[in-house]
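This is what each chain is made of:
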Amino acid sequence: MPNVPKTPAKRAGNPADGEIELSVRRMHRRDINRVWEFLKLVFRGVNRETVEFQRPRSKKRFMEIYEDEGVEQLVFEKKQDGKLALVGYAEYAYEVAGADSWINHRYFETRGMRPLFVEEIAVHPDYHGLGIGSFMFEQIDHAARLRGCTHIVLDVAENNEEALRYYRKRNFHKIDAAIFLARKLDTADDLLGPRRFRVRAKKPGA
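Calculation rules
Every residue gets a number counted from 1 within its own chain, in the order that chain's sequence is written. A pLDDT threshold of at least 70 governs which residues receive local features in this predicted model, and a stricter bar of 80 or more applies before side-chain atom pairs are shown or counted, although totals over entire chains, interfaces and linings include all residues. To get the side-chain values, take all heavy atoms of the structure and skip hydrogens and water. Working definition: helices are DSSP H or I runs of at least four residues, strands are E runs of at least two. Numbering for both runs from the N terminus. Burial classes: relative accessible area under 20% of the type maximum marks a residue as buried, over 50% as exposed, and values in between as partly exposed (1.4 Å probe, protein chains only). Contacts were defined at the residue level, with two residues in contact if any of their heavy atoms lie within 4.5 Å. Shrake-Rupley sampling with a 1.4 Å probe provides the accessible areas, and residues are treated as covered by the protein chains on show and by no other component. Two strands pair under a simple rule: DSSP has to find at least two bridges between them. To get an axis, fit a line to the C-alpha atoms, keeping to the stretch in contact for a helix; angles then go from 0 to 180 degrees between the N-to-C directions.

(A) A look at the overall build of the protein chain. Looking only at helices and strands, the protein chain has five helices and five strands in total. Taken from N to C terminus, the helices and strands of the protein chain fall in the order β-α-α-β-β-α-β-α-β-α. Looking at the protein chain as a whole, 35% of its 206 residues qualify as buried. Considering only contacts within the protein chain whose residues lie at least 6 apart along the sequence, 67% involve residues at least 24 apart. Accessible area for the protein chain stands at about 15,000 Å²; split by element, carbon and sulfur atoms hold 49% of it.

Have a look at this one:
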């Protein structure tokens, strides 16, 4: 589930005070550790508020994703003190990726849709509100058109109102829904208390 950038409060050293140049490239094996730590930073707060993990649930799984030829992983960087600093990450696939995916590919096939699936889009918290997320989606749009895709598909938590506003503003529409339901139970002791049951009287001669 993509992480929608929020507009931060003004603070000293905010990059919005100047100008940055962002470059994009495909992720290399040498980036795995750096990107993994980046995702933990970006989704640290988000994962406290949602049922589903907003990033791969383990580093092992993240490394497996890198080995999957059907998944594109892009890093967005800016130059800082002569070095490239990681500002954003995007992950998408042209087919349903992963054996544990809940997505039903036949849904799209029967409707003549050729989707690009956005698995992740993340912007560093210090760079929210600068239009970086929009630039990242522009790159994703470009990739989708080059591959002849007809739709961009992503999932977002229904209670994430800020994310929903962000995507609706960019012409994303709801196509289906998987809703998590919960019912609160009254708590008590671990074991149930005594209960009485009516015993039928025995018939004579039984």
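(B) Representation of the sheet that holds strand E1 (residues 22-26) within the structure. On the basis of which strands lie adjacent, the open sheet formed by five strands has the order E1-E2-E3-E4-E5 and mixed pairing. Every interior strand has two partners, whereas the edge strands, E1 and strand E5 (151-153), have only one. For this sheet, the mean inter-axis angle between neighbouring strands, taken without regard to orientation, is 35°. Sheet topology places strand E4 (residues 115-123) next to E5; three bridges connect them, and they run parallel. Bridge pairing in E5 places Phe 117 opposite Val 153. Contacting strand E2 (71-80) and strand E3 (83-93), helix H2 (residues 59-67) runs over the sheet at an angle of about 105° to E2.

(C) Layout of the side chain of His 128. Examined against the element boundaries, His 128 turns out to sit in the loop between E4 and helix H4 (132-146). According to the relative accessible area criterion, His 128 is buried, its value standing at 10%.

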